[in-house]
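An overview of the molecular structure
Chain by chain, the residues run as shown.
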Amino acid sequence: MADTCRITRECALKAPQPASVADGSPTFINHTFNTLTKAVDEALNLERDLSHALSWDPASTDIQDAAEAKWQDCLSLSGEIFTSPPASALDQPLQRMSMLLHFLIESTGPEEARRFQQLYFENQKLFTAEDGDCQALLQTGARQVNALIELSVVAEAQNFLPI
């Protein structure tokens, strides 16, 4: 019985980069970040709907439950992004933006949210990419950072309004 002799070394069979990077298709982080930005937009829209709903209206409980579920989806997606190994250099700014969005969603008030915004402005080079598609995703994330801070400020102001 003869053994088949392999003439190609094992290391030569493996691609130096994952297939998604080598063939130009989006990486896992890129794809998941795109999904995250859509989920954050949906959650922000649900929050806006909730702010216009009457608190005594039973229909508003469905909106509140949907908003909570969507925020949990956002936290889950952002967690997946910043725990995944980057497949390319373009994944790193997306991971940073994902982490920033995660911390803003979990922030406890406008002061904490503004500190995260300040960190973003001080380190803006870390949140940029030369690739146009990646930069567009990062700009969407930056818009959402501002929307989350605005939401935090409005929520804080509503807590101090007389009933």
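Because the structure is predicted, anything quoted here is derived from the model rather than measured.

With that out of the way, let us pick up the pattern of salt bridges. Within the structure shown, the criterion is met by three salt bridges. Asp41 is paired through a salt bridge with Arg143; the nearest N and O atoms lie 3.2 Å apart. Here Asp41 is found in helix α3 (residues 28-52), whereas its partner Arg143 is found in helix α7 (residues 132-159), with 102 residues between them in sequence. Residue Asp41 is classed as partly exposed on the basis of its relative accessible area, which comes to 25%. What you see here is one network of salt bridges that share partners, running through Glu42, Lys70 and Asp73.

Attention now goes to the side chain of Gln95. Tracing the backbone through its elements, the reader meets Gln95 in helix α5 (residues 91-106). One polar contact links the side chain of Gln95 to the main-chain carbonyl oxygen of Ile81, over a distance of 3.1 Å. Among the polar contacts listed, one links the side chain of Gln95 to the backbone oxygen of Ser84, at a separation of 2.6 Å. When neighbours within four sequence positions are excluded, Gln95 is seen to be in contact with Ile29, Ile81, Phe82, Ser84 and Pro86.

What follows deals with the packing of aromatic side chains. Under the criterion given, the structure shown has three aromatic pairs. Counting every residue linked through ring pairs, the aromatic cluster contains Tyr120, Phe121 and Phe127.

For the rest of this paragraph, the subject is the packing of α5 against helix α6 (residues 110-122). For the pair α5 and α6, interaxial distance at closest approach is 9 Å and the crossing angle is 165°. Judged by the inter-axis angle, α5 sits roughly antiparallel to α6. In this structure, the crossing between α5 and α6 has a hand that is left-handed. Of α6, the residues touching α5 (which contributes Met97, Leu100, Phe103 and Leu104) are Ala113, Phe116 and Tyr120. Considering only residue class, the contact of α5 with α6 consists of seven nonpolar, no polar and no charged.

Okay, the environment of Met97 next. Along the chain, Met97 turns up in helix α5. Looking at Met97, the relative accessible area reads 0%, which means it is buried. For the pair Met97 and Phe82, spaced 15 residues apart in sequence, the C-alpha separation works out to 9.2 Å. Aside from chain neighbours lying at most four places away, what touches Met97 is Phe33, Tyr120, Phe127, Leu138, Gly141, Ala142 and Val145.

Calculation notes
Residues numbered from 1 in each chain as written. Predicted model: local features only at pLDDT ≥ 70, side-chain atom pairs only at ≥ 80, totals over all residues. Heavy atoms only, no water. Salt bridge = Lys/Arg side-chain N within 4 Å of Asp/Glu carboxyl O. Helix = DSSP H or I, 4+ residues; strand = E, 2+ residues; numbered from the N terminus. Buried < 20%, exposed > 50% of the residue type's maximum accessible area, 1.4 Å probe, protein only. Polar contact = N/O pair within 3.5 Å; in protein donor to acceptor, adjacent residues only side chain to side chain. Contact = heavy atoms within 4.5 Å. Phe/Tyr/Trp six-rings, centres within 6.5 Å; stacked < 30°, edge-to-face > 60°. Axes fitted to C-alpha atoms, helices over the stretch in contact; angles between N-to-C directions. Parallel < 35°, antiparallel > 145°, perpendicular 65-115°, else oblique. Left-handed = near helix turned anticlockwise from the far one by under 90°. Nonpolar A, V, L, I, M, F, W, Y, C, P; charged D, E, K, R; others polar.

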